[in-house]
Amino acid sequence: MTDRESKIAVVTGAGSGIGRAVAAELLNAGWSVALAGRHPETLEETAALSPQGASLAVRTDVSRPEDVAALFAKTVDRFGRVDLLFNNAGTFGPGGVPVEELSYDAWRHVVDTNLNGAFLCAQAAYRQMKEQDPQGGRIINNGSISAHTPRPHSVAYTATKHALTGLTKSLSLDGRPYGIAVGQIDIGNAATDMTARMQTGALQANGEVAPEPVMDVADVARTVRHMAELPPAANVQFATVLATAMPYIGRG
């Protein structure tokens, strides 16, 4: 990447897990990063991981259009443009709930966060990238290996991640005339609070409960940075990064 000081990223879900790791990786690489999340205190903890970096913490509920609009307005006001959106905010929802017992409110919460929130952020980034000078930028959506293969009792999460693949493809096509590259990273078992239960036991397709291996979340962050720092003429459309021995290939 050239002229790193001019590169501006928005990272959603930046207060923990994959979002925090990616934000820290970008900050340490010289990016300026707007940190978005629902809890200001955890965003400040992320910012403190790279005290020399240029960061901006913005409390954001990605399911609320007014919050997303404010996030991008504050980012542009502070940094002048947006070169990258890492669309990462998401929730698994209530774990282990069979489809017939999943409440509509729980379903709606997952859809509002994982799909509607991703759309709202991508739309805001798209608008900014289309109008800014120089034009263009990059959007990277956090898909999950559930965008390909579900786990048991994950209907809301899996449905939204499959939908996110369609969002990625459509945005990628529509962004071409404006120099907006859109890709997706599908992640399996990065070591975060969200996946802590995997190491003690996760329900498998055959009904058994078995521990699963995890990988260092820093490996995900480095992959996102690689995707982000490609020249505008190149794009990683889909990348799958997972713990090598996890039960994914042939799952079920």
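Worth saying up front: this structure is predicted, and the values here are computed from it rather than measured.

## Details of the overall build of the protein chain
For the protein chain, the helix and strand inventory stands at 6 helices and 9 strands. For a compact globule of 252 residues, the expected C-alpha radius of gyration is about 18 Å, and the protein chain comes in at 17 Å, within 12% of that figure. Looking at the protein chain alone, contacts between residues at least 24 apart form 68% of all its contacts between residues at least 6 apart. Surface accessibility of the protein chain: about 11,600 Å² in total, with carbon and sulfur atoms responsible for 52%. In the protein chain, the 21 positive side-chain charges and the 25 negative ones have mean positions that sit 4 Å from each other.

## With respect to the sheet that holds strand β1 (residues 8–12)
The strand order across the open sheet formed by 7 strands is β3-β2-β1-β4-β5-β6-β9, and the pairing between neighbours is parallel. Edge strands, defined here as strands with exactly one partner in the open sheet, are β3 (54–59) and β9 (238–242). For this sheet the average axis-to-axis angle between neighbouring strands, irrespective of direction, equals 15°. Across the face of the sheet, helix α2 (residues 40–48) comes into contact with β2 (32–37) and β3 while running at roughly 170° to β3. Packing against the sheet, helix α4 (residues 104–131) makes contact with β1, β4 (84–87), β5 (137–142) and β6 (180–188), and its axis sits at approximately 175° to β4.

## Points about the pattern of salt bridges
The full count for this structure, using the stated rule, is 10 salt bridges. Note that E25 and R225 form a salt bridge whose closest N and O atoms lie 3.3 Å from each other. Of this pair, E25 sits in helix α1 (residues 17–28) while R225 sits in helix α6 (residues 217–228), and the two are 200 residues apart along the sequence. We classify R225 as partly exposed; its relative accessible area is 22%. Through salt bridges with shared partners, a single ionic network connects R59, R64, E66 and D67.

## Brief notes about the environment of M215
By secondary structure assignment, the location of M215 is in the loop between β8 (209–210) and α6. Counting along the chain gives 13 residues from M215 to A228, while the straight-line C-alpha distance between them is 21 Å. Excluding its chain neighbours within four sequence positions, the residues that come into contact with M215 are I187, G188, N189, A190, A191, V220, V241, L242 and A243.

Rules of the game
- Residues numbered from 1 in each chain as written.
- Predicted model: local features only at pLDDT ≥ 70, side-chain atom pairs only at ≥ 80, totals over all residues.
- Heavy atoms only, no water.
- Helix = DSSP H or I, 4+ residues; strand = E, 2+ residues; numbered from the N terminus.
- Rg over C-alpha atoms; globule rule 2.2 N^0.38 Å.
- Contact = heavy atoms within 4.5 Å.
- Areas by Shrake-Rupley, 256 points an atom, 1.4 Å probe, with all protein chains shown as cover.
- Lys, Arg positive; Asp, Glu negative; His and termini not counted.
- Charge placed at Lys NZ, Arg CZ, Asp CG, Glu CD.
- Pairing = 2+ DSSP bridges.
- Axes fitted to C-alpha atoms, helices over the stretch in contact; angles between N-to-C directions.
- Salt bridge = Lys/Arg side-chain N within 4 Å of Asp/Glu carboxyl O.
- Buried < 20%, exposed > 50% of the residue type's maximum accessible area, 1.4 Å probe, protein only.

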